[in-house]
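Structure at a glance
The residues making up each chain are set out below.
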Amino acid sequence: MKIGDLVKYSMRKTRKGMPYEDIIGVVTHVEQLRLTTHLTIVKAVFDATEWTFSLSDLEVVSSLK
């Protein structure tokens, strides 16, 4: 996953109180944390609001090549 990719909520994860419709968002930031675990944090804009997710919380719909 990289900046500019179109993503949607993973059906396997909680949606942080967001609507259950298939809303498409855009990835704005990807960062791999190396503190205690190898966790990748993704920031994405959905409906004019930026949210922070774990990499496994999102699915790529369309990727820039």
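In what follows, the accompanying structure is described. Along each chain, the written sequence defines residue order, and numbers are assigned to residues from 1. The predicted origin of the model limits local features to residues at a pLDDT of at least 70 and limits the giving and counting of side-chain atom pairs to 80 or more, whereas totals for whole chains, interfaces and linings rest on all residues. Values reported for side chains reflect all heavy atoms of the structure, with hydrogen atoms and water molecules removed beforehand.

Remarks on the overall build of the protein
The helix and strand labels rest on DSSP assignments: H or I over at least four residues marks a helix, E over at least two residues marks a strand, and numbering proceeds from the N terminus. The helix and strand inventory of the protein stands at 0 helices and 5 strands. Listed N to C, the secondary structure of the protein is β-β-β-β-β in terms of helices and strands. Buried means the residue's accessible area, taken with a 1.4 Å probe over protein chains only, is under 20% of the maximum for its type, while exposed means over 50%, and partly exposed covers the values in between. Looking at the 65 residues of the protein, the share that counts as buried comes to 25%. Here a residue-residue contact requires only that any non-hydrogen atoms of the pair lie within 4.5 Å. Taking the contacts inside the protein whose residues are at least 6 apart along the sequence as the reference set, 44% of them involve residues at least 24 apart.

Things to note about a nonpolar patch on the surface
A surface patch of nonpolar side chains, amounting to about 380 Å² of accessible area, comprises M1, I3, V30, L55 and V60. Here I3 lies in the segment before β1 (6-9). The class for I3 is exposed, based on a relative accessible area of 52%. Patch membership needs two things, relative accessible area over 30% and no salt bridge, and members are linked within 9 Å if like-charged or within 5 Å if nonpolar (Val, Leu, Ile, Met, Phe, Trp, Tyr). The protein chains shown are the only cover counted for residues, whose accessible areas, like all others here, come from Shrake-Rupley with a 1.4 Å probe. Definition used for salt bridges: Asp or Glu carboxyl oxygen within 4 Å of a side-chain nitrogen of Lys or Arg.

Notes on the pattern of salt bridges
Should their charged atoms come close, side chains of opposite charge can pair. Inspection of every chain in the model, using the stated rule, returns 1 salt bridge. The partner of D5 in a salt bridge is K2, and the shortest N-O contact between them spans 3.9 Å.

Topic: the pairing of strand β4 (residues 49-54)
Pairing between strand β3 (residues 39-46) and β4: 6 bridges, direction antiparallel. Following the sheet pairing, V45 is matched in β4 by E50. Here β3 folds back onto β4 in antiparallel fashion, the turn holding 2 residues, of which D47 has a positive phi close to 55°. DSSP bridges decide pairing: two strands pair if at least two such bridges lie between them.

A word on the sheet that holds β1
Adjacent strands of a sheet form backbone hydrogen bonds with each other and so pair up, either parallel or antiparallel. Spatially, the 5 strands line up as an open sheet ordered β4-β3-β2-β1-β5, and their pairing is antiparallel. Pairing within the sheet leaves two strands with one partner each, and these edge strands are β4 and β5 (58-62). Sheet twist, expressed as the average angle between the axes of neighbouring strands with direction ignored, equals 40°. In terms of strand pairing, strand β2 (residues 25-33) meets β3 through 7 bridges, oriented antiparallel. Paired with L33 across the two strands is L39, which belongs to β3. All axes are obtained by fitting lines to C-alpha atoms, using only the stretch in contact for helices, and the reported angles, taken between N-to-C directions, cover 0 to 180 degrees.

In short, shape yes, function no, at least from these values alone.
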